[in-house]
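Summary of the model geometry
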Amino acid sequence: MNKKTGQVASVTQKGKGFAVAASPLNEVKLDLALLLVVGIILLIIEDKLIDQLAGQILLLFVYGLLAATWIIIRVKRILTKHQQEQN
């Protein structure tokens with residue numbers, strides 16, 4: 001923040017476009033993208049893997065729980081590491 005004008009300093013630019021600072025959560029974004037792709041593939045082929053509807057729903061439910069748990073664990077690890085670096 002500029003003390004004289006009271007405005008927040010902007011990010012300097014080298015030409016057209018805009019710059020975004022690297023996020024510590026970029027690794028989680030990649031994990032999420034991969035989990036979504038695998039989930040979509042699983043959704044497409046799950047009727048060939050399991051004949052019963054209850055089994056198909058259970059398979060997708062378990063995959064969703066495992067994927068969500070993985071993302072939560074990764075985010076907690078990264079946030080803990082980031083907080084320790086700030087202190």
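Everything below is about the structure printed above this text.
**With respect to helix α1 (residues 26–49)**
The α-helix winds at 3.6 residues per turn, so residues separated by three or four positions along the chain end up facing the same way. With 24 residues, α1 should cover 34 Å at 1.5 Å per step; its first-to-last C-alpha distance of 33 Å lies within 8% of that length. Considering bend angle alone, the principal kink of α1 is centred on leucine 43 and spans about 40°. Those residues of α1 lying buried are Val28, Asp31, Gly39, Leu42 and Glu46.

**Considerations on helix α2 (residues 53–86)**
The terminal C-alpha atoms of α2, which comprises 34 residues, lie 49 Å apart, in line with the 50 Å expected from a rise of 1.5 Å per residue. Summarising the contacts, the buried residues of α2 are in contact with α1.

**Let's talk about the packing of α1 against α2**
Relative orientation and spacing of two packed helices are given, respectively, by the angle between their axes and the distance between those axes. Packing of α1 against α2 brings their axes to within 10 Å, and their N-to-C directions diverge by 175°. Taken together, the axes of α1 and α2 are roughly antiparallel relative to one another. Facing Glu27, Val28, Asp31, Leu32, Leu35, Val38, Gly39, Leu42, Leu43, Glu46, Asp47 and Leu49 of α1, the residues of α2 in contact are Gln56, Leu59, Leu60, Tyr63, Ala67, Trp70, Ile71, Arg74, Val75 and Ile78. Broken down by class, the residue content of the contact of α1 with α2 amounts to 15 nonpolar, 2 polar and 5 charged.

**Looking at the side chain of arginine 74**
By the element assignment, arginine 74 lies in helix α2. Overall, arginine 74 belongs to the buried group, its relative accessible area being 19%. In contact with arginine 74, other than residues within four places in its own chain, are Glu27, Val28 and Asp31.

**As for the environment of valine 75**
Tracing the chain through its elements places valine 75 in helix α2. Along the backbone, valine 75 and proline 24 are 51 residues apart, and their C-alpha atoms lie at a distance of 9.5 Å.

Conventions we followed
- Residues numbered from 1 in each chain as written.
- Predicted model: local features only at pLDDT ≥ 70, side-chain atom pairs only at ≥ 80, totals over all residues.
- Heavy atoms only, no water.
- Helix = DSSP H or I, 4+ residues; strand = E, 2+ residues; numbered from the N terminus.
- Expected span 1.5 Å × (residues − 1).
- Bend = angle between axes of the 7 residues up to and from the residue.
- Buried < 20%, exposed > 50% of the residue type's maximum accessible area, 1.4 Å probe, protein only.
- Contact = heavy atoms within 4.5 Å.
- Axes fitted to C-alpha atoms, helices over the stretch in contact; angles between N-to-C directions.
- Parallel < 35°, antiparallel > 145°, perpendicular 65-115°, else oblique.
- Nonpolar A, V, L, I, M, F, W, Y, C, P; charged D, E, K, R; others polar.

From the geometry alone we can't say anything about function, so treat these as descriptive.
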